[in-house]
Amino acid sequence: MNPKQTDRRRFLKNGAALAGLAVGASASALPAAAEPALEKVDELHLYGERSHYVTAVRNGSINNPERRLKDEPVAFGLRTPLQDSVGMITPSSLHFTISHGFEPPDIDPKEHHLLIHGMVDRPLIFSVDEIKRLPFVTRFHFVECHGNSSPRGPGGDARIAANATPQETHGFTSCSQWTGVLLSTLLKEAGVQKTATWIIAEGADEPKHSKSIPIGKAWDDALVAYGQNGEPVRPEQGFPLRLIVPGWQGINNVKWLRRIDLVDEPYMAMMETSRYPSMRLDGKSRWFEFELGPKSVITRPAGGYKMPGPGFHEITGLAWSGAGAVKRVEVSTDGGRTWKDAQLHDPIARKAHTRFSSPWTWDGKETILLSRCTDDQSTVQPTIAQVAKLWNADIDFLLKTQQVVGDFNAIQPWKVNADGSVQNALV
Amino acid sequence: MRLSKLFSGAIFLLAANVALAQTPSYSNVGRTPTKEEIQAWDISIGPDGKGLPAGQGTAKDGAPIFAAKCAVCHGAQGEGGKIGPRVVGGIADTETLTTLKPVRTVGGYWPYATSVYDFIHRAMPRDQSGTLTPNEVYALTAFILFKSGIIQEGDVLDQKTLPKVKMPNRNGFVPARFEDIPDEHKRGCTQGICP
């Protein structure tokens, strides 16, 4: 026992003695009572808690039927409180989650397996422990829902409300440090046949979500992750194994991964054919879109924030792109008349959130704050007018359609009012 | 010096060959599943019908199963309820696709009838997925397609007939050609949006 522990033990014993005296307990009961009390105190420190002064939480709901039955409002999922974020990592407990109305399954990792089969020379089945014995990689990647920041849905009208915060406008993206085995490592072990052009990835959740993914991505940088931010992947994020498909629409990142089937065509699963295609004005739907474009959002000062008054205020936010690394972020504090390069903060990783900041001295007058991301493919984040042009529609269509506008990555405007309140200006 | 260069070159060539041949590199990690294991796990149904099990069903067979196992969430006629979405809807729904409020029902939107079988089998009924027999899944698929005006009440759906069912919105998706699907950059996609 080291001196510190001795001191602590003595302190606790004395404390217990005092407490005992206060309630009039007999002296003989003291030693026995002191031992469990010590364990209890240690227990409190075994798994750390954040300060009770820190209150940032996800909002939304998991769209569960119990709520629907009671006619309670349901959201599409739970959004990350980006306005409270610092750095580029999302705490695992605050990672956004969308599971299409189902609770995450409770999976015993000893019982869980991953099957690789189909057009392979050697079908293989791996336990979670076996996956962990293989060479691994650790990489920063964001996961983003394709409907994130879309004018309507998956957040509904909350996204286009004047009082929307970055959580309501952009909360369906999160970034983690993922650890796992490259899918290509597993594919080499199985020996993929030349005829295979797609993989079907399948989860072990109640609806057994399945998704068709072109095999090129499987060979490129997809990984079977078991670690997230220094600990096992959380149940809501796919414990014990999930697929990470860097830079591609969130729906591809199959959680609770249990099976990879090598096939020669997309299998037209429910989500990819009926829920995730985006509607065009002419009634045609865009399907099998994968890569997410460059996007950024100022997280402070932003919607819901109150400027303490004129004077210095560092502007900060997040930028990311599904095509690669963020090369540049520009910030405008005058509604887009002039732009200034923001500072990018390390780590600047491919297909990961990148933290940016830019110094600003507010003169107390009404203005609009904007941020614009350019990725390492030199693709520049578009204005809403440019997005409308890509859709062959007008801005009104983008704002009024009741559908999710997939891959919507227009520049987000925040209006700073003279009284210091900050509002969503994409309404 | 030269020798070591040659040597490392040889190692590089060897490594390249290994990668090409995809020989397993890690001994005793993972095992070969039995045929029965693969069969039990493999529930994927392809758009051409690959993976469909033996069995059959008609809308007539499906009506009592729908009433017993599906109506509680999806409504007695498949019109939708508080929990389950509307599952019945036909060609009229395709006309909503150009409006600001498109309706995406099985009959009016889904491009493949095989996806209906696949999804019912893998995901339904809620909290009891995997309990329906192939005959029941064929029958429920037939019931929904009949109610949506796509097939007749007595039409038998099975391994052969289900993939042949023509869905009204089959040509409502871009890109239309499968071969254009995987490579976004070749397709001229910009910022995740493809022409």
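Because the structure is a prediction, the values reported are computed rather than measured.

## Things to note about empty space enclosed by the protein
In the structure shown here, the tally under the stated rule is 7 cavities of 30 Å³ or more. Of the voids in this model, the largest cavity is the one considered here, and its volume is about 350 Å³. As for the largest cavity, its lining consists of 28 residues, and the residues nearest its centre are Ile98(A), His100(A), His209(A), Ile251(A) and Lys255(A). For the lining of the largest cavity, the elements supplying multiple residues, two or more each, are helix H8 (270–275) of chain A together with helix H6 (113–123) of chain B. The element best represented in the lining of the largest cavity is H6(B), accounting for 3 residues. Taken as a whole, the second largest cavity spans an internal volume of roughly 90 Å³.

## Concerning the interface of chain B and chain A
Across the contact, 61 residues belong to chain B and 75 residues belong to chain A. For the chain B and chain A pair, buried surface summed over both sides reaches about 6,300 Å², with 57% attributable to carbon and sulfur atoms. Taken as a group, Gln22(B), Trp41(B) and Gln191(B) account for 13% of the area that chain B buries against chain A, more than any other trio of residues on that side. For the salt bridge of Arg259(A) with Asp42(B), the shortest nitrogen-to-oxygen distance reads 3.0 Å. In this assembly, chain B and chain A are joined by 29 residue pairs in polar contact (both at pLDDT 80 or more). Residue assignment for the side of chain B that touches chain A shows that the elements contributing at least two residues are helix H2 (35–41), H6 and strand S3 (173–174) of chain B. Per element, the largest residue contribution to the side of chain B that touches chain A is 4 residues, and it comes from H6(B).

## Notes on the pattern of salt bridges
Considering all chains together, one arrives at 25 salt bridges over all chains under this definition. Each of Glu202(A), Arg258(A), Arg259(A), Asp261(A), Asp42(B), Asp118(B) and Arg122(B) takes part in salt bridges that share partners, so that together they form one network.

## What about the packing of helix H3 (residues 59–69) of chain B against helix H7 (residues 134–147) of chain B?
All names here are of chain B. Interhelical geometry of H3 versus H7 gives an angle of 95° and a closest axis separation of 7 Å. Judged by the inter-axis angle, H3 sits roughly perpendicular to H7. Listed contacts from H7 to Ala59, Asp61, Gly62, Ala63, Ile65, Phe66 and Lys69 of H3 are Glu136, Ala139, Leu140, Ala142, Phe143, Ile144 and Phe146. Taken together, the residues that form the contact of H3 with H7 break down as 10 nonpolar, 1 polar and 3 charged.

## A short note on the confidence of the model for chain B
Overall, the predicted model of chain B reaches an average pLDDT of 87, with 89% of residues at or above 70. Taken as a whole, residues 1–19 of chain B scores under 50 in pLDDT and shows 1 contact with residues more than four places along the chain or in a different chain.

## Quick look at the layout of surface pockets
All names here are of chain A. When its volume is computed, the second largest pocket comes out at roughly 390 Å³. Forming the boundary of the second largest pocket are 17 residues, of which Arg50, Ala56, Pro91, Ser93 and Leu94 lie nearest the centre. Looking at the lining of the second largest pocket residue by residue, the classes come out as 8 nonpolar, 5 polar and 4 charged.

## Quick word on the sheet that holds strand S20 (residues 343–344) of chain A
Spatially, S15-S17-S21-S20 (chain A) is the arrangement adopted by the 4 strands of the open sheet, whose pairing is antiparallel. Each of the sheet's edge strands pairs with one partner strand only, and the pair in question is strand S15 (295–300) and S20 of chain A.

## With respect to the nonpolar core
Nonpolar side chains tend to gather and get buried jointly when the protein is soluble and globular. Leu183(A), Leu186(A) and Leu262(A) are the most contacted members of the largest nonpolar core, which totals 82 residues. By residue number, the principal contributor to this core is H7(B), which donates 8 residues. Sequence-distant contacts of Leu183(A), that is, excluding residues within four places in its chain, are made with Ile199(A), Ala218(A), Ala222(A), Leu223(A), Val224(A), Leu243(A) and Ile260(A). The next biggest cluster of nonpolar side chains, apart from the first, holds 27 residues, and it includes Ala302(A), Val326(A), Cys373(A) and Val416(A).

## Describing the packing of aromatic side chains
The final tally for this structure, using the stated rule, is 12 aromatic pairs over all chains. Arranged with centres 4.4 Å apart and planes meeting at 25°, the rings of Trp248(A) and Phe290(A) form a pair that is stacked. Note that Trp248(A) is positioned in the loop between strand S11 (242–244) and strand S12 (257–263) and Phe290(A) in the loop between strand S14 (285–286) and S15, a separation of 42 residues in sequence. Take Trp248(A) and Phe290(A): they sit in the same class, and that class is buried. When the centroid spacing of 4.7 Å and the interplanar angle of 55° are considered together, the rings of Tyr117(B) and Tyr138(B) count as tilted. One end of the pair, Tyr117(B), is in helix H6; the other, Tyr138(B), is in helix H7, with 21 residues separating them in the sequence.

## Focus: unusual backbone geometry
Between Phe239(A) and Pro240(A) the backbone carries a cis peptide bond, its omega angle lying at 5°. Put simply, Met124(B) and Pro125(B) share a cis peptide bond, and its omega is -10°. Along the chain, Pro125(B) falls in the loop between H6 and H7. Of note, the phi angle at Ser378(A) is positive, near 65°, even though the residue is not glycine. Residue position: Ser378(A) is located in the loop between strand S23 (367–375) and helix H9 (384–390).

## Observations regarding helix H6 (residues 183–190) of chain A
All names here are of chain A. Here H6 lies mainly inside the structure; 7 of its 8 residues are buried. Those residues of H6 that sit buried are Leu183, Ser184, Thr185, Leu186, Leu187, Glu189 and Ala190. Looking at the residues trailing H6, positive phi occurs at glycine 191, about 70°.

## Observations concerning the side chain of Ser92(A)
Structurally, Ser92(A) can be placed in the loop between strand S2 (78–79) and strand S3 (113–118). If near-sequence neighbours (up to four positions away) are discounted, Ser92(A) is found in contact with Arg58(A), Gln228(A), Asn229(A), Glu231(A) and Arg234(A).

Definitions and limits used
- Residues numbered from 1 in each chain as written.
- Chains lettered and ligands numbered in written order.
- Predicted model: local features only at pLDDT ≥ 70, side-chain atom pairs only at ≥ 80, totals over all residues.
- Heavy atoms only, no water.
- 1 Å grid on protein atoms, 1.4 Å probe; cavity = no way out; pocket = protein on both sides within 12 Å on 5 of 7 lines; lining within 4 Å.
- Points joined across faces, edges and corners; volume = space filled by probe spheres on them.
- Helix = DSSP H or I, 4+ residues; strand = E, 2+ residues; numbered from the N terminus.
- Contact = heavy atoms within 4.5 Å.
- Buried area = accessible area lost by both parts, 1.4 Å probe.
- Salt bridge = Lys/Arg side-chain N within 4 Å of Asp/Glu carboxyl O.
- Polar contact = N/O pair within 3.5 Å; in protein donor to acceptor, adjacent residues only side chain to side chain.
- Axes fitted to C-alpha atoms, helices over the stretch in contact; angles between N-to-C directions.
- Parallel < 35°, antiparallel > 145°, perpendicular 65-115°, else oblique.
- Nonpolar A, V, L, I, M, F, W, Y, C, P; charged D, E, K, R; others polar.
- pLDDT = per-residue confidence, 0-100.
- Pairing = 2+ DSSP bridges.
- Core = buried A, V, L, I, M, F, W, Y, C linked by side-chain atoms within 4.5 Å.
- Buried < 20%, exposed > 50% of the residue type's maximum accessible area, 1.4 Å probe, protein only.
- Phe/Tyr/Trp six-rings, centres within 6.5 Å; stacked < 30°, edge-to-face > 60°.

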